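Fold and contact review
One-letter residues, chain by chain:
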Protein chains: 2
Amino acid sequence: MASNKYCIIMAGGVGSRFWPVSRNAHPKQFLDILGSGRSFLQATVDRFSKIVPTENILIVSSKQYEKLIIEQVPQIPKENILLESLKRNTAPCIAYATYKLYKKDKDAAVVVTPADHLILNEDVFLETTETVLNHACNSDCLFTLGIKPTRPETQYGYIQANKATAEIVGGHASYQVKTFTEKPDLEMAKVLYSSGEFLWNSGIFVWNLRTIKAELEAYLPDIAASFADIAEYYYTEKEQQKVDEIYEGCASVSIDYGVMEKTLRCRVFEASFGWSDLGTWESLYALGKKDSSGNLVNAGKKMLSDVKNSIVVSSAPDKLMVIKGLENFIVINTPDVLLVCPRDEKQIKAITADLAIGNLGEFL
Amino acid sequence: MASNKYCIIMAGGVGSRFWPVSRNAHPKQFLDILGSGRSFLQATVDRFSKIVPTENILIVSSKQYEKLIIEQVPQIPKENILLESLKRNTAPCIAYATYKLYKKDKDAAVVVTPADHLILNEDVFLETTETVLNHACNSDCLFTLGIKPTRPETQYGYIQANKATAEIVGGHASYQVKTFTEKPDLEMAKVLYSSGEFLWNSGIFVWNLRTIKAELEAYLPDIAASFADIAEYYYTEKEQQKVDEIYEGCASVSIDYGVMEKTLRCRVFEASFGWSDLGTWESLYALGKKDSSGNLVNAGKKMLSDVKNSIVVSSAPDKLMVIKGLENFIVINTPDVLLVCPRDEKQIKAITADLAIGNLGEFL
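Source: prediction; values computed, not measured. (Residues numbered from 1 in each chain as written. Chains lettered and ligands numbered in written order. Predicted model: local features only at pLDDT ≥ 70, side-chain atom pairs only at ≥ 80, totals over all residues. Heavy atoms only, no water.)

Quick look at helix H4 (residues 122-137) of chain B
Over its 16 residues, H4 of chain B runs 22 Å from end to end, which matches the ideal 22 Å to within 8%, given 1.5 Å per residue. Taken together, the buried positions of H4 of chain B are occupied by Phe125, Leu126, Thr128, Thr129, Thr131, Val132, Leu133 and Ala136 of chain B. (Helix = DSSP H or I, 4+ residues; strand = E, 2+ residues; numbered from the N terminus. Expected span 1.5 Å × (residues − 1). Buried < 20%, exposed > 50% of the residue type's maximum accessible area, 1.4 Å probe, protein only.)

Rendered as structure tokens:
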């Protein structure tokens, strides 16, 4: 392990489509939705610890999750936990980590990753990521990992690869990026899927610090300048206060929109390591292990009969779940919410929207 | 209020068809299933306190419920709480209360009632019961209250009245009883209902002590002798021990089968005070107040949409119940059980049977 390799884990999301298990006060990345014994954040740290030293893992998250992070991954040094006072999307988050790390190690190469994704084939993931990370040390490109689609998924963004620009690195093909596409409808997803040119946007980036710094300065000069200006305070007692001041006046913008879609240096590596952003119950259902009736069950004591193709999750292992006569349903029991609704992508979004306007926002 | 009027409340049942709200350790009579603020037992005591002095109310129940009874109805004198060590059905229960009370007041007239029934029109109930109780003081008949049926119910037993033997007492008609009929199937229930001769068996009895004592001696001589033999111990420290010894060797028999179906002195008063034994969720649904979608809801925070003709009950007022897309369902949340199943008489019985054989008996 070379010490100039780093990992930046973005752990500030709320995972609202995983309601009611994922909550504002305890979002998805801190949960063990799969019942594996490790939360998504813990699994992410575990995974990257195999290719970068633990002391080179940074976590950027919201201030309100500081305690959860320290609790769940106590091996991460305190100075590596970067706290945002306000939600400002991914560009400020990446800029903060970039400039702070740049003060310490100007030759750093980093992989930037969400905290709450599922990787099915870890060996392939690690081999791919390590290859790209090594390659990025001496490249002035911004790399993103594009997942080879296995179905016409409507819940992911797509990246169009320019197949004419293929370059093979350690057995992995990278391409210049033609376009970024938002979540398509089903008809469009089928077109993208069958074209062979489109990859799922995993939101995992790999680059060296000099390159991302240059591109931030080029495309998001205000944000870049703000974080450059406080360089003297990183790793000091005043860091948090100075960063808070920047967030106060900072634009909310994603790294995709702010940099990746504009830069000429963007390339995508095609990858196939069994990936899901596990953004919805539906995606969990698609990937999770089902019983012989097609039910995905993560509960302690239970008695299911005449239940088919449903999701049953309970956070109370000693509570008996007796479920009968449901098909294509979601039943979720948390300490303060019981949800019973049809298994359908749109339900959760509609329900959380209703809660927000119905004086029940405390349950979000 | 004359002091020779008494009420014997039988409160030893387990109400298993009301699972999972009604439990072995906390059965239906101690619950406030209707959300009225009073348990069935409390409501029963409240009701009878209007026609007999509180100190004339006796409660017969299982030893394991002693604490619950003292907690819920502290106004009942301790010596009026009669505790059974074993479940032996209603005949021993009534015999015990009869012989104990007979030692104190040989002229007593009593109304014997289950603890867990619903009375919709209390004024009519009290007026009817008081009339029958007054009448019973000087009658050598055993009276039962028969409810004029309002539908072909399959969940109640029926009593056939001999219409030729009508006698009017204070505006209420009583008849000799021709037959007792067990719960009929629907076809039979329709015949009984339309005949005009059959009344629902409420399980509420009225008689004077001399009469029931004579009939117990005639038809259940062993049980009668047992409780007569320990007369010297009633109201002494040794009462419980002596009663326990009797229960140990006592036959389990109902007062209906043991006495009422055999005696020649049985008469039924026709009554119409809006009665239900509330034996099942279905009967609660039939009588309870429904919202505009036909849902019976007794829960704190909730958000129901596209839910029809269903029962939603939660014992946790601060837990949010989000229910969507169910029709004719039961959703019951208790501290240690969640039940979601079709609204159908037979479901609960099938489920509790499955629990018993499935190593989940702790949840009964």
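Having seen it, we continue.
Looking at the packing of aromatic side chains
By the definition in use, this model includes 24 aromatic pairs over all chains. Taking the centre distance of 4.8 Å and the plane angle of 90° together, the rings of Phe125 of chain A and Phe273 of chain A count as edge-to-face. Of this pair, Phe125 of chain A sits in helix H4 (residues 122-137) while Phe273 of chain A sits in the loop between strand E10 (266-271) and strand E11 (275-276); the two residues are 148 residues apart in sequence, bridging distant segments of the chain. Of the two residues examined, Phe125 of chain A and Phe273 of chain A, each falls in the buried class. In this structure an aromatic cluster arises from ring pairing among Tyr96, Phe227, Tyr234 and Tyr247 of chain A. Sitting above the plane of the Tyr102 of chain B ring, Lys213 of chain B keeps its charged end 4.5 Å from the centroid. (Phe/Tyr/Trp six-rings, centres within 6.5 Å; stacked < 30°, edge-to-face > 60°. Lys NZ or Arg CZ within 6 Å of the ring centre and 35° of its normal.)

Side note on the interface of chain B and chain A
In this complex, chain B contributes 33 residues to the contact, which on the side of chain A involves 33 residues. Carbon and sulfur atoms make up 67% of the surface buried where chain B meets chain A, a total of about 2,500 Å² over both sides. Ranking the residues of chain B by area buried against chain A places Leu320, Lys324 and Leu338 of chain B at the top, with a combined share of 27%. Remark: the boundary between chain B and chain A carries two salt bridges. The salt bridge involving Lys301 of chain B is made with Glu362 of chain A; its shortest N-O contact spans 3.6 Å. Connecting chain B to chain A are 16 residue pairs in polar contact (both at pLDDT 80 or more). For the side of chain B that touches chain A, the element with the most residues is strand E17 (residues 337-342) of chain B, which contributes six residues. The class makeup of the residues in the side of chain B that touches chain A is 21 nonpolar, four polar and eight charged. Both strand E15 (residues 320-324) of chain A and E17 of chain B contribute to a ladder of four bridges, which runs parallel. By the bridge assignment, Val322 of chain A is partnered in E17 of chain B with Leu339 of chain B. (Contact = heavy atoms within 4.5 Å. Buried area = accessible area lost by both parts, 1.4 Å probe. Salt bridge = Lys/Arg side-chain N within 4 Å of Asp/Glu carboxyl O. Polar contact = N/O pair within 3.5 Å; in protein donor to acceptor, adjacent residues only side chain to side chain. Nonpolar A, V, L, I, M, F, W, Y, C, P; charged D, E, K, R; others polar. Pairing = 2+ DSSP bridges.)

As for unusual backbone geometry
Residues and elements named next belong to chain A. Along the chain, Trp19 connects to Pro20 via a cis peptide bond; the corresponding omega equals 5°. Tracing the chain through its elements places Pro20 in the loop between strand E1 (5-10) and helix H1 (40-48). The backbone of Asn309 sits at a positive phi, close to 45°, despite the residue not being glycine. Within the element layout of this structure, Asn309 appears in the loop between strand E13 (302-305) and strand E14 (311-314).

Some points on the relation of the copies chain B and chain A
Once turned by 180° and shifted 0.1 Å along the axis, chain B lies on chain A with an RMSD of 0.1 Å. Those values place the two copies in the arrangement expected of a two-fold rotation axis. (Least-squares fit on C-alpha atoms with pLDDT ≥ 70 in both.)

Quick look at the side chain of Thr98 of chain A
All names here are of chain A. Following the sequence through the fold, Thr98 ends up in helix H3 (residues 90-104). Taking relative accessible area as the criterion, Thr98 reaches 0% and is therefore assigned buried. Residue contacts for Thr98: discarding those within four places in its chain leaves Leu209, Ile212, Lys213 and Leu216.

Considerations on the pattern of salt bridges
For the structure on display, the rule yields 34 salt bridges over all chains. For the salt bridge of Lys63 of chain B with Asp244 of chain B, the shortest nitrogen-to-oxygen distance reads 2.5 Å. Of the two residues, Lys63 of chain B sits in the loop between strand E2 (57-62) and helix H2 (66-72) while Asp244 of chain B sits in helix H8 (residues 239-249), which places them 181 residues apart along the sequence. With relative accessibility at 19%, the residue Asp244 of chain B sits in the buried group. Connected via shared salt-bridge partners are Arg47, Lys50 and Glu122 of chain A.

Details of the sheet that holds strand E16 (residues 329-333) of chain A
Strand order in the open sheet formed by six strands is E12(A)-E14(A)-E16(A)-E17(A)-E15(B)-E13(B), with mixed pairing between adjacent strands. Of all the strands in the sheet, just strand E12 (296-298) of chain A together with strand E13 (302-305) of chain B have a single pairing partner and so form its edges. Ignoring strand direction, the axes of neighbouring strands in this sheet form an average angle of 5°. Here E13 of chain B pairs with strand E15 (residues 320-324) of chain B via four bridges, running parallel. Looking at E15 of chain B, one finds that Met303 of chain B is bridged to Val322 of chain B. (Axes fitted to C-alpha atoms, helices over the stretch in contact; angles between N-to-C directions.)

Regarding the environment of His117 of chain B
All names here are of chain B. Position of His117 among the secondary structure elements: in the loop between strand E4 (109-114) and strand E5 (118-119). The class for His117 is buried, based on a relative accessible area of 10%. For the pair formed by His117 and Ala43, sequence separation is 74 residues and the distance between their alpha carbons is 9.2 Å. In this structure His117 touches Phe40, Arg47, Ser202, Trp275, Ser276 and Asp277, once residues within four positions along its chain are discounted. Within the local environment of His117, its side chain forms a polar contact with the side chain of Trp275, the two groups lying 3.1 Å apart.

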